[in-house]
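The residues making up each chain are set out below.
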There are 2 protein chains.
Amino acid sequence: MKNVIGREIPDEVLQGRRIFKGQFAHTEEIVKVAPKIKHVNPGETKLLTSLEEAIQKTGLKDGMTISFHHHFREGDFILNMVMNIIAKMGIKNLTIAASSLGSVHKPLIEHIKSGIVTNITTSGLRGELAEAISNGLMDNPVVVRSHGGRARAIEAGDIKIDVAFLGAPASDEYGNASGTRGKANCGSLGYAKIDAEYADKVVIITDTLVDFPNAPASIDQTFVDYVVTVDAIGDPAGIASGATRFTKNPKELLIAQNAANLIINSPYFKDGFSFQTGTGGSTLAVTRFLRNAMIENNYKASFALGGITKPMTEMHEEGLIKHIFDVQDFDLGGVASIAKNPMHHEVSSSFYANPHNRGAIVNKLDVVVLSALEIDVDFNVNVITGSDGVARGASGGHCDTAASAKLAIIVTPLVRGRIPTIVDSVNTVITPGESIDAIVTEAGIAINPKRTDLIEILKDSGLPIVTVEELRDKAEKIVGEADPIEYDDKVVALVEYRDGSIIDVIRKVK
Amino acid sequence: MKNVIGREIPDEVLQGRRIFKGQFAHTEEIVKVAPKIKHVNPGETKLLTSLEEAIQKTGLKDGMTISFHHHFREGDFILNMVMNIIAKMGIKNLTIAASSLGSVHKPLIEHIKSGIVTNITTSGLRGELAEAISNGLMDNPVVVRSHGGRARAIEAGDIKIDVAFLGAPASDEYGNASGTRGKANCGSLGYAKIDAEYADKVVIITDTLVDFPNAPASIDQTFVDYVVTVDAIGDPAGIASGATRFTKNPKELLIAQNAANLIINSPYFKDGFSFQTGTGGSTLAVTRFLRNAMIENNYKASFALGGITKPMTEMHEEGLIKHIFDVQDFDLGGVASIAKNPMHHEVSSSFYANPHNRGAIVNKLDVVVLSALEIDVDFNVNVITGSDGVARGASGGHCDTAASAKLAIIVTPLVRGRIPTIVDSVNTVITPGESIDAIVTEAGIAINPKRTDLIEILKDSGLPIVTVEELRDKAEKIVGEADPIEYDDKVVALVEYRDGSIIDVIRKVK
């Protein structure tokens with residue numbers, strides 16, 4: 001069956017799932033779910049001596065779903081540590097519901113081969129694990145979800161977490177857990193909050209046990225069954241990079257300047273506006289150009305969102321951004337700021353981007369600047385599969401912010417190496433074209449034709465406005481038309497849109 | 001049927017409810033419930049022009065349950081305002097699930113008479129409303145719940161809130177609501193948080209609309225359907241008293257000194273201990289005496305709990321109390337502190353005292369000092385009915401903290417006016433004797449005989465240890481034996497213990 005954006009979704013993978021019908025097509029009432037818990041009486045202890053003991057006490061057994069967060073990114077020790085013990089205990093047929101997976105999780109390949117892990121849902125797939133999955137490692141397709149979509153799925157019971165194994169940089173013995181005050185800090189624990197709220201059993205794993213009460217806590221004691229201490233939760237170097245540097249690449253700077261000019265000339269740039277920018281070279285540089293324009297105009301942003309970096313926290317500290325809502329920190333600047341600045345707020349992935357609560361903060365976003373691996377003439381965006389068809393990215397908050405922001409901008413070079421980024425049809429759709437308002441490249445800015453209002457406003461702006469087809473043609477001229485990727489029929493991953501419908505599938509590469 | 005503490009509970013009022021079997025008798029797994037919600041898309045507005053419109057949009061109809069919080073105490077305008085409009089709209093047969101009710105809610109009498117309100121659950125009943133209910137106003141008994149018990153009941157679905165009408169001192173147009181930053185501030189909105197999380201529809205009512213985003217918020221936008229502005233949410237003078245004064249009454253000071261000496265001589269008084277004291281003359285004075293002993297010993301409390309008053313926030317600001325967990329502020333000192341001190345934490349009633357989550361903060365309480373209207377030789381405590389059998393108090397956090405703290409102390413004079421407080425059997429049991437460790441009066445300290453450990457520790461302390469029977473006898477000597485209250489058979493209220501079982505009933509007075 002083809003969905004509304006023309007993507008072929010084989011019936012056999014749908015299994016009762018809805019098919020994508022448009023970014024706000026879902027209108028039914030949401031019946032939320034709730035966990036089944038064992039209450040804790042005064043005097044009971046939660047502190048256990050080993051992960052084995054914790055896994056036993058949770059009652060984990062074959063066929064269950066366990067969850068992990070990715071705040072430790074490529075420095076994460078928790079997932080592999082827990083899976084090794086589970087493997088030794090002989091538990092099989094588990095579903096891993098990770099907020100995301102990275103190259104560091106390569107050992108999962110063996111656990112999949114041995115039948116310990118039979119299902120995965122994640123935002124991202126990278127490295128050898130991603131390669132193996134793209135080559136058909138798993139019988140059941142991975143379900144790729146956005147950050148908001150994962151929160152929605154948990155709240156709706158589509159993901160039912162039996163046991164959440166949540167690494168925390170610091171915790172007290174009663175489970176008040178935080179992303180700071182430890183040896184290896186990650187800042188916000190935004191993705192983990194929702195797991196703690198909805199899992200039947202919650203295990204906090206920390207390498208820094210602090211005095212009771214560890215407050216304010218990211219995850220508080222009322223959600224936690226057990227606390228386990230380990231030698232190290234992760235490699236600090238992999239958890240947060242030291243400093244996010246601004247690009248000096250002239251092409252990236254040109255793209256960023258074009259994007260900033262687009263924002264500045266849009267109706268959304270005014271005192272009190274809100275924005276989210278990512279961590280790529282161009283997107284970070286947009287922040288810098290915006291900063292200058294804000295100072296010139298004496299504008300202050302009401303809030304900034306997203307994966308937080310030092311440039312944003314600096315703008316917050318100089319009073320240019322009043323509030324930061326932080327679901328994840330990308331560098332030590334972000335981590336330091338959330339630990340000390342009272343208006344730098346830690347938020348859950350549901351508050352951040354869940355389409356099915358009473359209004360996530362993305363709903364109030366004026367401008368978002370996003371990157372892309374590929375974007376097509378229908379403005380559909382791929383941020384998950386490479387030019388060889390292999391998974392090497394993450395859904396992240398891409399479709400969440402794009403759908404919600406008043407102005408969703410993709411910044412991208414026309415080509416990367418010998419690969420065009422503006423194409424006729426992307427390999428995989430993460431974000432539908434209806435959510436994207438503009439593509440900004442070094443060769444001009446293409447406005448989505450449905451934004452006739454924006455086209456009218458910008459017509460005398462002097463901005464280098466072009467059509468998306470012109471951008472595609474220019475890219476093709478530089479590198480030639482790309483050979484189509486050869487795929488098998490087998491579906492290795494379902495791409496779930498934030499509302500729970502299937503927007504695309506990823507097939508096995510040949 | 002008689003329950004385990006010998007209270008007669010008529011079968012016909014039980015209706016499937018459990019009967020009280022002991023403070024930690026409930027051991028089953030807890031299946032939590034969740035609301036049914038309508039999600040909010042970008043661009044939708046929540047700000048409505050009138051309460052009528054809000055009530056219509058919520059779909060409120062006959063037979064539903066509506067909730068209110070009591071943070072505005074005797075200054076509350078919200079409940080009466082909403083009920084007047086509901087009355088005009090002709091909606092009938094409603095259940096009011098208030099966190100507490102006061103004298104200010106006297107207009108409910110008319111709404112009960114006219115069939116608009118047919119059921120009530122609350123922590124407290126005072127004034128003419130209480131008197132009318134005690135005289136048989138309602139067909140269905142009121143359900144009296146403790147603060148922790150109400151949170152439990154909401155999480156378990158025993159109270160299913162259809163619409164929560166939550167007054168907030170400040171809110172933005174998207175429903176980020178706070179207890180400070182307004183015209184009439186109450187500080188913590190701890191009791192309202194749970195309503196917002198579990199109600200199918202949530203209406204924020206404010207008299208101070210602030211710029212988006214109002215952060216940090218007590219209740220955030222993801223829980224809120226509608227926002228309505230009104231001229232005034234309440235009378236600031238009734239919401240928070242200006243300053244809590246220390247008593248100069250010599251008897252109260254003697255009781256307080258005895259209580260402080262008991263704490264200081266107990267094994268729980270040490271560096272890092274935790275405590276809760278109330279607002280009565282004696283309990284506040286205990287705080288002052290404790291403060292002196294803490295300074296002498298160079299002890300700091302890890303945290304203090306409860307209804308927060310200025311003396312506690314002063315100890316926090318001078319470094320004697322590291323953390324304050326605040327479910328409710330009792331004076332402007334508390335309100336000012338929660339607005340500015342980062343380690344003065346706002347917490348929900350579930351975090352505070354719910355017996356059926358994975359460990360409320362009361363579970364970590366070392367010492368609680370509580371008051372009583374009456375206490376009997378079995379240490380059972382009455383804080384709800386007066387010597388005439390009429391309701392004039394509140395369950396509050398009494399049984400929650402008493403059950404959980406390592407040392408639960410009742411401070412009370414032997415007699416009040418011509419009324420003995422230490423009696424053979426209290427009119428109404430809110431807190432079972434097994435939870436109470438000591439009664440402190442001006443005539444001596446009675447330790448619960450089951451605390452043989454404490455009796456042993458204190459035997460050479462020089463404290464004026466007596467038996468509870470001696471206290472009763474002394475009280476009787478002063479005022480004579482009280483005439484028994486004459487009750488009707490009709491049950492006007494069920495007293496639900498924090499675990500959901502029925503510990504006692506209140507009968508119609510003759």
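These numbers were taken from a predicted model, which means no experiment stands behind them.

### So, the pattern of salt bridges
Logical step 1: Applying the stated criterion across every chain yields a total of 48 salt bridges over all chains.
Logical step 2: When the shortest N-O distance is used, the salt bridge between A:Asp424 and A:Arg472 registers 2.7 Å. Of this pair, A:Asp424 sits in the loop between strand E25 (422–423) and strand E26 (438–441) while A:Arg472 sits in helix H16 (residues 468–479), and the two are 48 residues apart along the sequence.
Logical step 3: By relative accessible area, which is 39% here, A:Asp424 ends up partly exposed.
Logical step 4: A salt bridge links B:Lys340 to B:Glu317, with the shortest nitrogen-to-oxygen separation between them at 3.7 Å.

### Quick notes on unusual backbone geometry
Logical step 1: Of note, the bond from A:Ala215 into A:Pro216 is cis; its omega dihedral lies within 30 degrees of zero at -5°.
Logical step 2: Within the fold, A:Pro216 resides in the loop between strand E12 (201–206) and strand E13 (226–229).
Logical step 3: Not every positive phi belongs to a glycine, and A:Arg73 is a case in point at roughly 40°.
Logical step 4: Position of A:Arg73 relative to the elements: it lies in the loop between strand E4 (65–68) and helix H3 (78–89).
Logical step 5: On the basis of relative accessibility, which here comes to 17%, the residue A:Arg73 falls in the buried class.
Logical step 6: Residues other than glycine seldom take positive phi values, yet B:Arg181 does so here, at roughly 70°.

### Examining the relation of the copies chain A and chain B
Logical step 1: In screw terms, the move from chain A to chain B is a rotation of 180° and a rise of 0.0 Å along the axis, fitting with an RMSD of 0.0 Å. When the rotation and shift are considered jointly, the pair of chain copies conforms to a two-fold rotation axis. Residue A:Ala34, judged by its C-alpha, is the member of chain A lying nearest the rotation axis, at 2.8 Å.
Logical step 2: Take the interface residues of chain A: 100% of them recur as interface residues in chain B, which is what a same-surface contact looks like.

### Side note on the domain arrangement of chain A
Residue and element names in this part refer to chain A.
Logical step 1: Structurally, chain A comprises domain 1 (45–240) and domain 2 (250–485).
Logical step 2: Taken together, the contacts link 32 residues of domain 1 with 33 residues of domain 2.
Logical step 3: Taking both sides of the interface into account, the surface hidden between domain 1 and domain 2 amounts to around 2300 Å²; carbon and sulfur atoms contribute 57%.
Logical step 4: Viewed at the interface, domain 2 and domain 1 are joined by 0 salt bridges.
Logical step 5: Mapped onto the side of domain 1 that touches domain 2, the elements with two or more residues apiece are strand E7 (124–125), helix H5 (127–134), helix H6 (147–156) and helix H7 (190–198).
Logical step 6: Per-element tally for the side of domain 1 that touches domain 2: the top contributor is H6, with 6 residues.

### A few points about the packing of aromatic side chains
Residue and element names in this part refer to chain A.
Logical step 1: What the rule picks out here adds up to 18 aromatic pairs over all chains.
Logical step 2: Where Phe325 meets Phe351, the ring centres are 5.5 Å apart and the plane angle is 45°; that geometry is what we call tilted. Here the residue Phe325 occupies a position in strand E16 (residues 321–329), and Phe351 occupies one in helix H13 (residues 349–353), the gap between them amounting to 26 residues.
Logical step 3: Taking the relative accessible area as the measure of exposure, Phe325 reaches 4% and is therefore buried.
Logical step 4: Relative accessible area serves as the criterion here: at 8%, Phe351 is assigned to the buried category.

### Some details on empty space enclosed by the protein
Any space left empty among the atoms is revealed by the rolling of a water-sized probe across them.
Logical step 1: Applying the stated criterion across every chain, the model contains 5 cavities of 30 Å³ or more.
Logical step 2: Reported here for the largest cavity is a volume of approximately 90 Å³.
Logical step 3: In terms of lining residues, the largest cavity is bounded by 14 residues, among which A:His39, A:Asn41, B:Phe24, B:Pro355 and B:Arg498 are the most central.
Logical step 4: The class makeup of the residues in the lining of the largest cavity is 5 nonpolar, 7 polar and 2 charged.
Logical step 5: By volume, the second largest cavity amounts to about 60 Å³.
Logical step 6: Forming the boundary of the second largest cavity are A:Gln23, A:Phe24, A:Ala25, A:His26, A:Pro355, A:His356, A:Arg498, A:Asp499, B:His39 and B:Asn41.
Logical step 7: Tallied by class, residues from the lining of the second largest cavity come to 3 nonpolar, 5 polar and 2 charged.

### Things to note about the interface of chain A and chain B
Logical step 1: Counting residues at the interface gives 55 residues for chain A, matched by 56 residues for chain B.
Logical step 2: When the buried area of chain A at its contact with chain B is split by residue, A:Ile37, A:His39 and A:Arg358 rank highest and sum to 20% of it.
Logical step 3: Counting across the chain A and chain B interface gives 4 salt bridges.
Logical step 4: A salt bridge links A:Lys364 to B:Glu173; the nearest nitrogen and oxygen atoms lie 2.9 Å apart.
Logical step 5: For the side of chain A that touches chain B, the secondary structure elements donating two or more residues are strand E1 (30–31), strand E2 (36–37), E12, strand E15 (301–308), E16 and helix H14 (398–404) of chain A.
Logical step 6: Each residue belonging to the side of chain A that touches chain B can be placed in one class, and the counts come to 27 nonpolar, 15 polar and 13 charged.
Logical step 7: Here 2 bridges tie E1(A) to strand E2 (residues 36–37) of chain B, and the two strands are oriented antiparallel to one another. In the sheet register, A:Val31 faces E2(B), and the bridge partner there is B:Lys36.

Scoring rules and cut-offs
Residues numbered from 1 in each chain as written. Chains lettered and ligands numbered in written order. Predicted model: local features only at pLDDT ≥ 70, side-chain atom pairs only at ≥ 80, totals over all residues. Heavy atoms only, no water. Salt bridge = Lys/Arg side-chain N within 4 Å of Asp/Glu carboxyl O. Helix = DSSP H or I, 4+ residues; strand = E, 2+ residues; numbered from the N terminus. Buried < 20%, exposed > 50% of the residue type's maximum accessible area, 1.4 Å probe, protein only. Least-squares fit on C-alpha atoms with pLDDT ≥ 70 in both. Contact = heavy atoms within 4.5 Å. Domains from an automatic or database assignment. Buried area = accessible area lost by both parts, 1.4 Å probe. Phe/Tyr/Trp six-rings, centres within 6.5 Å; stacked < 30°, edge-to-face > 60°. 1 Å grid on protein atoms, 1.4 Å probe; cavity = no way out; pocket = protein on both sides within 12 Å on 5 of 7 lines; lining within 4 Å. Points joined across faces, edges and corners; volume = space filled by probe spheres on them. Nonpolar A, V, L, I, M, F, W, Y, C, P; charged D, E, K, R; others polar. Pairing = 2+ DSSP bridges.

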